[in-house]
Amino acid sequence: MRAGAIDDSEDLVSALLSDFSPVAIHDLADRPLPPGGLWDPTYPPIPDPPPSPLHWNVCFNDAGERDRAADAIHEQLPHLAIERVDLPDEDWAARSQQSLTAVRAGAFIIAPPWDIPADPGDATVIVIEPSMGFGTGHHATTRMCLRLLSDIDVTDATVLDLGTGSGVLSMAAALRGARAVVGVDVDQDAIDSAETSARLNTLPDTITFAVIDFRHAPPAAADIVLANLTGGMLTSSAASIAALVRPHGQLVLSGFDHTEVDRVLAAFATFTERQRLSEDNWIALQLQK
Ligand code: SAH
C-alpha cells in the first residue's frame, strides 16, 4: 500500500496502522540532505516523527489485511492518496531495500538508482540496484573496503574481487582506472545483480564477472585482490587466496570482527599489514605481499 499526502497526517496514519499488522513501513518522502553529507541510514538520526510530506510504503503479509487498513485510513483521512499494490513474494527482499539512500565511503558514493547525487563533487559515484547481491554500501565491511581502495593506486593494475556480490568493489576499481577487473561469485544471483548494476554505470570496458568458486576454479593472479568474505573462509582458504596475489601486490580483506582478526592475520603471516580499519566492530585490513 502506498499512502501520500502533503500535510502532517503521520500521527493519525501511524495510530490507524497499529490496529493492523504492517510488516514494514518505508518512508519515501524526499527531504534535503543534511549539511554534513549524505545520509547513511545505518547511522541515525532518522527524524522521528518524519517531516512532512507524508509518503509511505507500507507492506502487509496479505492483501486482506492491507485492504482493511487502507479502508480504515480512507475513512478517517479521505484526502489521502492510497494505492494498493500486490508484490510477488520473491520481490520482497528487493522491495524492502527501496528506502536505501546514497552512502559515502572514502572516494566513492554508492547510490541506489532513485538517489543518485546531483552534485557528487570529487566523489566517484557507483550506482547499485539493491537486490539479493550483498554490497549496497550499507554494510560496514563494504564501506571499509571502499575506503581502503580509495588509498590504493589502482591505475593500470589488475584487480580480482573474490565474492563480488553486487559487484560494488569491482566497479569501484574499474572506475578508478584499473587495467582489468575480474569479479567472481559462487552465487549466480549475485552475478546477475552485479551485471544489472554494471549496466547502470558508465564503466570502462575492463570488467568481467563470472560465477566461480575461487577455491575450486582459481582465476588468474592479480596485482590487487579484494576479499570481503568471512573470517572462517579467509582463514581456511588463505593459501588459495595468497596464491592469487602477485608478488608485492595488495590484499584487501574484510568480513570478520575483532575476535577473528588475529587468526586471519596469522593465516596471511607472509604478508605485511599496511592499514587496518574498524567500524561497528568489523575489521578491514590492507596487506601487502
Ligand atoms: N564484495 C561485496 C560482497 C561481499 S559478500 C562487498 O564487499 O560488499 C560475500 C560474497 O562472497 C557473497 O556474495 C558470496 O556469495 C560470495 N562467496 C562466498 N564464498 C565464495 C567462494 N568460495 N567463491 C566465490 N564467491 C564466494
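Residues numbered from 1 in each chain as written. Predicted model: local features only at pLDDT ≥ 70, side-chain atom pairs only at ≥ 80, totals over all residues. Heavy atoms only, no water.

## Structural notes on the pairing of strand β12 (residues 245-257)
For clarity, the cut-off: Strands pair, by our definition, only if DSSP identifies at least two bridges between them. Secondary structure follows DSSP: runs of H or I at least 4 residues long count as helices, runs of E at least 2 residues long count as strands, and numbering of each begins at the N terminus.
Two strands pair when backbone bridges link them, and strand β11 (residues 222-228) and β12 are joined in this way by six bridges, in the parallel orientation. Bridged to Ala 222 within β12 is Val 245. Alignment of β12 against strand β14 (residues 282-288), held across seven bridges, turns out to be antiparallel. Within the sheet, the bridge partner assigned to Phe 256 lies in β14 and is Ile 283.

## Some points on the site of the ligand
Under the convention used in this document: In these notes, residues near a molecule or strand are those with any non-hydrogen atom within 4 Å of it. Definition of a polar contact: a pair of N or O atoms within 3.5 Å, with one able to donate and the other able to accept a hydrogen when the atoms are protein atoms, and with sequence-neighbouring residues admitted only if both atoms are side-chain atoms. Note that Gly is not counted as nonpolar here; it falls among the polar residues with everything else outside the nonpolar set of Ala, Val, Leu, Ile, Met, Phe, Trp, Tyr, Cys and Pro and the charged set of Asp, Glu, Lys and Arg.
Close to the ligand lie 19 residues, the nearest being Thr 142, Gly 163, Asp 185, Asp 213 and Asn 228. In this structure, a nitrogen atom belonging to the ligand sits 3.1 Å away from a main-chain N or O atom of Val 186. For the ligand, an oxygen atom lies 2.8 Å from a polar atom in the side chain of Asn 228. Of the residues assigned to the shell around the ligand, the class counts are eight nonpolar, six polar and five charged.

## Considerations on the pattern of salt bridges
Defined as follows: Between Lys or Arg on one side and Asp or Glu on the other, a salt bridge is scored when a side-chain nitrogen of the former is within 4 Å of a carboxyl oxygen of the latter. Buried means the residue's accessible area, taken with a 1.4 Å probe over protein chains only, is under 20% of the maximum for its type, while exposed means over 50%, and partly exposed covers the values in between.
Under the definition given, this model contains 11 salt bridges. Between Arg 68 and Glu 65 there is a salt bridge; the shortest N-O distance is 3.2 Å. Taken together, the residues Arg 68 and Glu 65, both in helix α2 (residues 63-76) and three residues apart, mark about one turn of the helix. On the accessibility criterion, Glu 65 (16% relative accessible area) is buried.

## Remarks on the side chain of Asp 185
This is how it is decided: Charged-residue counts in this description rest on Lys and Arg as positive and Asp and Glu as negative, His and the chain ends being excluded.
Position of Asp 185 among the secondary structure elements: in strand β9 (residues 180-185). Arg 215 provides the closest opposite charge to the buried, salt-bridge-free Asp 185, at an N-O distance of 10 Å. Reaching out from Asp 185, the side chain makes a polar contact with the backbone nitrogen of Thr 164 at a distance of 3.3 Å.

## Re the packing of helix α1 (residues 10-17) against α2
As a reminder of what qualifies: In this description, a line fitted to the C-alpha atoms serves as the axis of each element, helices being fitted only across the stretch in contact, and the angle between N-to-C directions of two axes falls anywhere from 0 to 180 degrees. Crossing handedness is defined as follows: a turn of the near helix away from the far one that is anticlockwise and smaller than a right angle gives a left-handed crossing, while the clockwise case is right-handed. We call two residues in contact whenever any of their non-hydrogen atoms come within 4.5 Å of each other.
Where α1 meets α2, the axes come as close as 10 Å, and the angle between the chain directions of the two elements is 145°. The crossing of α1 and α2 is right-handed. Mapping the contact onto sequence places Val 13, Leu 16 and Leu 17 in α1 and Ala 69, Ala 72, Ile 73 and Gln 76 in α2. Considering only residue class, the contact of α1 with α2 consists of six nonpolar, one polar and no charged.

## Observations concerning the nonpolar core
We count it as follows: As used in this record, nonpolar core signifies buried Ala, Val, Leu, Ile, Met, Phe, Trp, Tyr and Cys residues forming a set joined through side-chain atoms within 4.5 Å.
Membership of the largest hydrophobic core comes to 33 residues, with the highest contact counts inside it found for Phe 108, Ile 126 and Leu 146. Considering each element in turn, this core owes the most residues, six residues, to helix α5 (residues 168-175). Apart from residues no more than four positions distant in its own chain, Phe 108 is found in contact with Val 103, Thr 124, Ile 126, Leu 146, Leu 149, Ser 150, Ala 172 and Arg 176. If you look at the next biggest cluster of nonpolar residues, it comprises 24 residues, including Leu 160, Ala 227, Val 261 and Ile 283.

## Here's the deal with the sheet that holds β12
Two orientations exist for strands paired in a sheet by backbone hydrogen bonds: parallel and antiparallel. Read across the sheet, seven strands follow the order β10-β9-β8-β11-β12-β14-β13 without closing on themselves; strand pairing throughout is mixed. Each edge of the sheet is formed by a strand with only one pairing partner; in this case those strands are β10 (207-211) and β13 (272-279). Each strand axis lies, on average, 15° off the axis of its neighbour in the sheet, ignoring direction. Lying over the sheet, α5 contacts β8 (158-162), β9, β10 and β11, oriented at roughly 180° with respect to β9. Most of the contacts of helix α6 (residues 188-199) go to β10, to which it runs at about 160°, and overall it touches β9 and β10.

## Considering the confidence of the model for the chain
Here is the rule: pLDDT measures how confident the predictor is about each residue, on a scale from 0 to 100.
With 81% of its residues at a pLDDT of 70 or more, the chain shows a mean pLDDT of 85. Taken as a whole, residues 31-50 scores under 50 in pLDDT and shows 29 contacts with residues more than four places along the chain or in a different chain.

## Regarding the sheet that holds strand β5 (residues 103-105)
Here we have three strands laid out as an open sheet, ordered β5-β6-β7, and mixed in their pairing. Of all strands in the sheet, those with a lone pairing partner are β5 and β7 (124-127), marking the two edges. Averaged over all neighbouring strand pairs, the angle between strand axes comes to 25°, with direction disregarded. Pairing analysis gives three bridges linking β5 to strand β6 (residues 108-111), with the strands arranged antiparallel. Paired with Val 103 across the bridge in β6 is Ile 110. Against the sheet, α5 makes contact with β6 and β7, and its axis sits at roughly 145° relative to β7, the strand it touches most.

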